[in-house]
Amino acid sequence: MFTHMKGLQFEAKPDGPDAAFARRLQEVLGGKWGEMTVANQYLFQGWNCRLPGKYKDLLLDVGTEEMGHVEMIATMITRLLENAPLSLDEAAEENPMVGAIYGGANPAHLIHAGGGALAVDSAGVPWNGNFITASGNLMADFQLNVTAEAQGRLQVARLFHMTDDPGVKQMLRFLLARDTMHQNMWMAAVEQLKEDGLEEMPVPDAFPDSPGFTAEFSYTYLDFSPGRDAAEGRWASGPAPDGKGEFRYEHSPRPHAPEPVLAPGDPRLYGTNPGMAGAVTTTVASTFT
C-alpha cells in the first residue's frame, strides 16, 4: 500500500491475515469519525466555499489527502483478509487460537466484498452522508473539523493497542502523525479567520443579537446542580472568549415564564386529555353520526 504526497512514499504491509482486526479497522474507514467522513466533509466544504484562494485550497487539499487515507485503510483491510479462513473448521485446523480469532471476523467482508473493504463501520452499519457537515460558515466548519480530527486520532490510538502487527502499526503511526498536523492546522485556520476579519465568535458573528437578551442570557452560567462547584470554572466569571462580554454565575436560576399548560388535543388524534373523557367520547361519537 502506497501513498504519494509531493515526494513522500509510504508503504505498510501486514504480516499475515487477521480478519478480526480488519473488522475493527472498518471503524476508522466507514465510521462516523472515519476517513470517509472527513474526506467528504472537507471536499464538500471546499466545493461550497465562496472564498477563492487559501481557504478553498486548504479544504480541497486536505480533502484530497484524506481520500488517500481512505485508499490506505481500504487496502490494509483487503490485505488483512488475504488468505483468511473461510470457515471455523479451516481456521482451527492448524491452531485452535485462530478459530477463536475467526469468530471476530465480519462475514460480509467475504460474502459481500469478496475479501475486500466495505463502506461500513466496525459493527457493519453503512457509512452515511449525514455524517458530514458543510454549512458554508467557515468558522463553524473549521471548529467541527478540529473535533473530527480529535475523534479520529483517538480511535486510531485505541486501535494501535489492539494489534501486534508491525506493518499495521506503521500505518497507524502515519495516520496519527497526520491527525496531529490536521488538528493544529484547523485550529490555526480558526485563528486566521479572526485575523483576516472574516468571522468571529459566536457563530454566526454577523447575526444582530438583541441587546436585552444579550445582557440577560448571552453570558450567564445557569447552575442546576447542588452546591457551587461549577462557579469555580473559567466559564462562570471573567471575560468570555469572544471578548464581547463578562461571564456571570447564577446559582438558583429563576423561571422566566409560567409552567406551560397545553390545550386539549384534537379528538380525532385520540390523544389522552385529562378531565375530558366524557366530552371527548361525545365529540368523537358525533363525528360518526
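This one's a predicted model, so the numbers in the text were calculated from it and none came from an experiment.

Asks: Explain the overall build of the protein chain here, please?
Replies: In terms of regular secondary structure, the protein chain is built from 11 helices and five strands. In the protein chain, which comprises 289 residues, the proportion classed as buried is 35%. Long-range pairs, those at least 24 residues apart, make up 71% of the contacts in the protein chain with a sequence separation of at least 6. Total accessible area on the protein chain stands at roughly 17200 Å², and carbon and sulfur atoms take up 58% of it.

Asks: Honestly, the side chain of Asp 223 in this entry has me stumped. Any pointers?
Replies: For Asp 223, the location among the structural elements is in the loop between strand S3 (220-222) and strand S4 (238-239). One polar contact links Asp 223 to Tyr 249, side chain to side chain, over a distance of 2.5 Å. Sequence-distant contacts of Asp 223, defined by excluding residues within four places in its chain, comprise Arg 228, Ala 230, Tyr 249, Glu 250, His 251 and Pro 253.

Asks: Hey, could you run me through the packing of helix H3 (residues 35-48) against helix H4 (residues 54-80) in this one?
Replies: The description of two packed helices rests on the angle between their axes and on the distance between the axes. Axis separation between H3 and H4 bottoms out at 8 Å; the angle between their running directions is 155°. Judged by the angle between their axes, H3 and H4 are roughly antiparallel. Along this stretch, H3 crosses H4, giving a crossing that reads as left-handed. Contact residues: H3 offers Glu 35, Met 36, Val 38, Ala 39, Asn 40, Tyr 42, Leu 43, Gln 45, Gly 46 and Trp 47, while H4 offers Lys 56, Leu 59, Leu 60, Val 62, Gly 63, Thr 64, Glu 66, Met 67, His 69, Val 70 and Ile 73. Classifying every residue of the contact of H3 with H4 by side-chain character gives 12 nonpolar, six polar and three charged.

Asks: Just to check I follow, could you spell out the pattern of salt bridges for this structure?
Replies: Here the structure, examined in full by the defined rule, presents seven salt bridges. In this structure, Arg 178 and Glu 65 form a salt bridge, with 2.7 Å as the shortest nitrogen-oxygen distance. Linking Arg 178 in helix H9 (residues 166-195) with Glu 65 in helix H4, this pair joins segments that are 113 residues apart in sequence. Glu 65 sits in the buried class, given a relative accessible area of 13%.

Asks: So what exactly am I meant to see when it comes to the sheet that holds S3 here?
Replies: The strands that make up a sheet are held in pairs by hydrogen bonds between backbone atoms, and each pair lies either parallel or antiparallel. Taken in spatial order, the three strands of this open sheet run S3-S5-S4, and their pairing is mixed. In the strand order of this sheet, the two ends are held by S3 and S4, each with one partner. Pairing geometry for S3 and strand S5 (residues 246-250), over three bridges, is parallel. Looking at S5, one finds that Tyr 221 is bridged to Tyr 249.

Asks: Looking at this structure, how should I read the nonpolar core?
Replies: Generally speaking, nonpolar side chains in soluble globular proteins are found buried as a group. Within the largest apolar cluster, 27 residues are counted, with the highest numbers of intra-cluster contacts made by Leu 25, Ile 73, Met 171, Leu 172 and Leu 175. Looking at this core, the elements with two or more residues in it are helix H1 (19-25), helix H2 (27-30), H3, H4, helix H8 (138-160) and H9. Setting aside chain neighbours within four positions, we find Leu 175 in contact with Glu 35, His 69, Met 72, Ile 73 and Val 156. With 17 residues, the next largest nonpolar core counts Cys 49, Leu 58, Val 62 and Phe 142 among its residues.

Asks: Explain the side chain of Gln 183 to me, please; I cannot follow it from the model alone.
Replies: Within the fold, Gln 183 resides in helix H9. The exposure class assigned to Gln 183 is buried, which follows from its relative accessible area of 19%. For Gln 183, the residues in contact, after removing those within four places along its chain, are Val 146, Glu 149, Ala 150 and Arg 153.

Asks: What exactly am I supposed to notice about the pairing of S5 here?
Replies: On a regular strand, one side chain projects to one face of the sheet and the next to the other, so that they alternate. Both S4 and S5 contribute to a ladder of two bridges, which runs antiparallel. Note that in S5 the partner of Pro 239 across the bridge is Glu 246. Hairpin connection from S4 to S5: six residues lie between these consecutive antiparallel strands, with Gly 243 at a positive phi of about 75°.

Asks: Sorry, what's going on with H9 here?
Replies: Each turn of an α-helix holds 3.6 residues, which means side chains three or four residues apart point in the same direction. Compared with the 44 Å implied by 1.5 Å per residue over 30 residues, the 43 Å span of H9 between its first and last C-alpha is a close match. For H9, the N-terminal cap is Asp 165; the gap from its side-chain oxygen to the backbone nitrogen of Gly 167 is 2.9 Å. Of the residues one or two after H9, Gly 197 is the one with positive phi, at around 70°.

Asks: When you look at the packing of aromatic side chains in this model, what are you seeing that I'm missing?
Replies: In this description, an aromatic ring pair is defined by two values, namely the gap between the centres and the angle between the planes. Summed over all chains, the structure comprises seven aromatic pairs. Between Tyr 55 and Phe 142, the ring centres sit 6.2 Å apart and the planes meet at 35°, which makes this aromatic pair tilted. Here Tyr 55, found in helix H4, pairs with Phe 142, found in helix H8; they are 87 residues apart in sequence, far enough to count as distant. The interplanar angle of 10° and the centroid separation of 6.2 Å between the aromatic rings of Tyr 221 and Tyr 249 together place this pair among those described as stacked. Taken together, the residues span a long stretch of sequence, with Tyr 221 in strand S3 and Tyr 249 in strand S5 at a distance of 28 residues. Judged by relative accessible area, Tyr 249 falls into the partly exposed class, the value being 21%. Pairwise contacts between aromatic rings join Tyr 42, Tyr 55, Phe 142 and Trp 186 into one cluster.

Calculation criteria
Residue numbers run consecutively from 1 along every chain, following the written order of its sequence. Given that the model is predicted, a residue must reach a pLDDT of at least 70 before its local features are reported, and side-chain atom pairs must reach 80 or more before they are shown or counted; all residues, however, enter totals for whole chains, interfaces and linings. As a rule here, side-chain values come from all non-hydrogen atoms in the structure, and water together with hydrogens is ignored. Secondary structure elements are defined from DSSP: runs of H or I of at least 4 residues count as helices, runs of E of at least 2 residues count as strands, and each element is numbered from the N terminus. Burial classes: relative accessible area under 20% of the type maximum marks a residue as buried, over 50% as exposed, and values in between as partly exposed (1.4 Å probe, protein chains only). Should any heavy atoms of two residues lie within 4.5 Å, those residues are counted as being in contact. Computed by Shrake-Rupley with a 1.4 Å probe, the accessible areas treat only the displayed protein chains as cover when residues are assessed. The term polar contact refers here to a pair of N or O atoms within 3.5 Å; inside protein, the definition further demands a hydrogen-donor-capable atom paired with an acceptor-capable atom, and it admits residues adjacent in sequence only when both atoms are side-chain atoms. Interaxial angles span 0 to 180 degrees and are taken between N-to-C directions of axes, which are lines fitted to C-alpha atoms, for helices over the stretch in contact. For classification purposes, an angle smaller than 35 degrees is called roughly parallel, one larger than 145 roughly antiparallel, one from 65 to 115 roughly perpendicular, and anything else oblique. Each helix crossing is assigned a hand: it is left-handed if the near helix lies turned anticlockwise from the far helix by less than a right angle, otherwise right-handed if that turn is clockwise. Gly is placed with the polar residues, together with every amino acid not listed as nonpolar (Ala, Val, Leu, Ile, Met, Phe, Trp, Tyr, Cys and Pro) or charged (Asp, Glu, Lys and Arg). One side-chain nitrogen of Lys or Arg within 4 Å of one carboxyl oxygen of Asp or Glu is enough to make a salt bridge. At least two bridges found by DSSP between two strands are what make those strands a pair. Here, nonpolar core refers to any group of buried Ala, Val, Leu, Ile, Met, Phe, Trp, Tyr and Cys residues whose side-chain atoms link them within 4.5 Å. Residue count minus one, scaled by 1.5 Å, sets the expected span of a helix. Here a Phe, Tyr or Trp ring, Trp counted by its six-membered ring, pairs with any other such ring whose centre lies within 6.5 Å, and the pair is stacked when the planes are under 30 degrees apart, edge-to-face when over 60, and tilted otherwise.

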